[in-house]
Amino acid sequence: MSTWPNPLLAALSTLAIAGAGVAPAVAAPQVAPKAAAVTVDFAGTVSLSNCSGSVIRFPGSADTAPALVLTNGHCLETGFPAAGQVITGQSSSRTFGLLNSAGTKVATLRANQVVYSTMTDTDVTIYRTTTTYAAIKSAYNISPLTVSATHPTAGTAIKVVSGYWKTIYSCNVDGFVYRLKEGSWTWKDSVRYTSACNTIGGTSGSPVIDTSTGQVVAVNNTGNEDGETCTENNPCEVDENGTVTVREGINYAEETYNIPACFTSANVLALSATGCTLPKP
C-alpha cells in the first residue's frame, strides 16, 4: 500500500438425460441447479492516475442519483489519510477513465466531491461525480457495479478487476483477518486472497467481485511484498490473541458490505443512519 509507482498495490474470474426405456416408478429427487458464474469484465470499472476503481451503486440507489466512484483511501489525491482521520465533503476535480466491457476507455468522468475517505478500519475513498447512473447508461450503455450489503464468504470465487492495468485476477476468498496492520494503519476484518490473485502496484482500489452474483464484496488494497512485519507494503495479520502472522506474497482487500447502510437512495452520506458502522470524523 503506497503511492504508485511503487510496485505494491499501491498509490498503493442442462444436463439432458435421454429417455432409456421405461420411466422409473419413483421420480428422481429434485436437485437445485448450481448458480452459474456471471460474466465479469471491465464494464463500469475506471482508471485513475495512480490506481484502479469502479462506478458503484448501492442496492437502494436511485438511477437519478449522482454516480459514485469507489477506490482506496490511500489513492486519495491529497495524500494518505492519517490513522484515525476521516475525510468527508472535500472538494475534488479528480478525473476517471470509464471503461467498457473490453477495457476500452469510452468517457472521462469527473468528481466534484470526496464524499468519504479513510484508512482507519478500512481503506476506502468514495467520490461523487458530476453525472448520474441514468446519464452514463444512456450515453455509454454501462451500468454501475452494485455493492453487496452482505458479508463475503470464505471460499467464494472472486475476480479483482484493475482498470489501471486492464487486467482481471481470478482467485478465491482464502479467509478473513481479524486485524491487518501496515505502518501506522490498522484495518478490521480484511479479506485474504488465495495466492492466485498476485495483484501489483496500480491495482489498488480495484473492485473485488463475487463471480456468482456480479456484486462488489471488497476493494483491493495491499499485499506483503518482502516478508517484513507490519511495515509499509508489508502488512501483517494480527489475531484476537495478538499473534502476528506474516504471509509474504499474499494480497488483501477491505470489505465493503458495511458501506450501503451509510448512504441514502440519493447517494447522500448518512453516517448517523441506523446500521452505519463506518468510522466517523
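Rules used throughout
Residues numbered from 1 in each chain as written. Predicted model: local features only at pLDDT ≥ 70, side-chain atom pairs only at ≥ 80, totals over all residues. Heavy atoms only, no water. Helix = DSSP H or I, 4+ residues; strand = E, 2+ residues; numbered from the N terminus. Buried < 20%, exposed > 50% of the residue type's maximum accessible area, 1.4 Å probe, protein only. Areas by Shrake-Rupley, 256 points an atom, 1.4 Å probe, with all protein chains shown as cover. Core = buried A, V, L, I, M, F, W, Y, C linked by side-chain atoms within 4.5 Å. Contact = heavy atoms within 4.5 Å. 1 Å grid on protein atoms, 1.4 Å probe; cavity = no way out; pocket = protein on both sides within 12 Å on 5 of 7 lines; lining within 4 Å. Points joined across faces, edges and corners; volume = space filled by probe spheres on them. Nonpolar A, V, L, I, M, F, W, Y, C, P; charged D, E, K, R; others polar. Disulfide = S-S within 2.5 Å. Salt bridge = Lys/Arg side-chain N within 4 Å of Asp/Glu carboxyl O.

(A) Representation of the overall build of the protein chain within the structure. What the protein chain contains, in helices and strands, is one helix and 16 strands. Among the 281 residues that make up the protein chain, the fraction classed as buried is 49%. As displayed, the protein chain offers around 12000 Å² of accessible surface, 52% of which is attributable to carbon and sulfur atoms.

(B) View of the nonpolar core. Val55, Ile56, Leu68, Phe96, Leu98 and Phe263 are the most contacted members of the largest nonpolar core, which has 44 residues in total. Contributing elements (two or more residues each) for this core: β2 (52-57), β3 (66-71), β4 (86-91), β5 (95-99), β6 (105-118), β7 (124-132), α1 (133-140) and β13 (216-223). Residue contributions to this core peak at six residues, all from β6. Ignoring sequence-local partners within four residues, the contact set of isoleucine 56 consists of Leu68, Val69, Leu70, Tyr133, Pro144, Leu145, Val147 and Val216. Core analysis: the second largest hydrophobic core is formed by 12 residues, Val173, Val208, Val217 and Ala253 among them.

(C) Broad picture of the environment of glutamate 248. In this fold, glutamate 248 is placed in the loop between β15 (244-245) and β16 (251-255). Looking at glutamate 248, the relative accessible area reads 55%, which means it is exposed. Excluding residues that lie within four positions of it along the chain, glutamate 248 makes contacts with Asn224, Glu225, Asp226 and Gly227.

(D) Representation of the environment of valine 124 within the structure. Along the chain, valine 124 falls in strand β7. Its relative accessible area of 0% is what places valine 124 among the buried residues. Distance in space between the C-alpha atoms of valine 124 and alanine 218 is 9.9 Å, their sequence separation being 94 residues. Ignoring anything within four residues of it in the chain, the contact list for valine 124 reads Leu70, Thr71, Asn72, Gly73, Tyr116, Ser117, Thr118, Val219 and Ile259.

(E) Expanded view of the layout of surface pockets. The volume enclosed by the largest pocket comes to roughly 210 Å³. Taken together, Asp121, Thr122, Lys188, Asp189, Glu254, Glu255, Tyr257, Asn258, Thr277, Leu278 and Pro279 form the lining of the largest pocket. When contributions to the lining of the largest pocket are tallied by element, the ones reaching two or more residues are β11 (185-193) and β16. Within the lining of the largest pocket, the residues separate by chemical class into three nonpolar, three polar and five charged.

(F) Structural detail: the state of the cysteines. Applying the stated criterion across every chain, the model contains four disulfides. Two residues share a disulfide in this structure: cysteine 171 and cysteine 197, whose sulfurs sit 2.1 Å from each other. Linking cysteine 171 and cysteine 197, the disulfide has an S-S dihedral of approximately -100° and is accordingly described as left-handed. With cysteine 171 in strand β10 (residues 167-182) and cysteine 197 in the loop between β11 and β12 (207-210), the pair connects residues that are 26 residues apart, well separated along the chain. Of the two residues examined, cysteine 171 and cysteine 197, each falls in the buried class. Paired through a disulfide, cysteine 262 and cysteine 276 show a sulfur-sulfur distance of 2.0 Å. Here the disulfide of cysteine 262 and cysteine 276 is right-handed, its torsion about the S-S bond being about 100°. Of this pair, cysteine 262 sits in the segment after β16 while cysteine 276 sits in the segment after β16; the two residues are 14 residues apart in sequence, bridging distant segments of the chain. The residues cysteine 262 and cysteine 276 share a single accessibility class, namely buried. With its bonded cysteines labelled in order along the sequence, the protein chain shows the pairing 1-2, 3-4, 5-6, 7-8.

(G) Up close: the pattern of salt bridges. Counted according to the given criterion, the structure contains six salt bridges. Two residues, aspartate 174 and arginine 192, come together in a salt bridge whose shortest N-O distance is 3.0 Å. Note that aspartate 174 is positioned in strand β10 and arginine 192 in strand β11, a separation of 18 residues in sequence. Given a relative accessible area of 40%, aspartate 174 falls into the partly exposed group. Note on arginine 192: relative accessible area 9%, which makes it buried. Across the pair arginine 247 and glutamate 237 runs a salt bridge whose closest N-O atoms are separated by 2.8 Å. Taken as a pair, arginine 247 in the loop between β15 and β16 and glutamate 237 in strand β14 (residues 236-238) lie far apart in primary sequence, 10 residues in all. Residue arginine 247 is classed as partly exposed on the basis of its relative accessible area of 31%. Linked through salt bridges whose partners overlap, the residues forming this network are Asp174, Arg192, Glu237 and Arg247.

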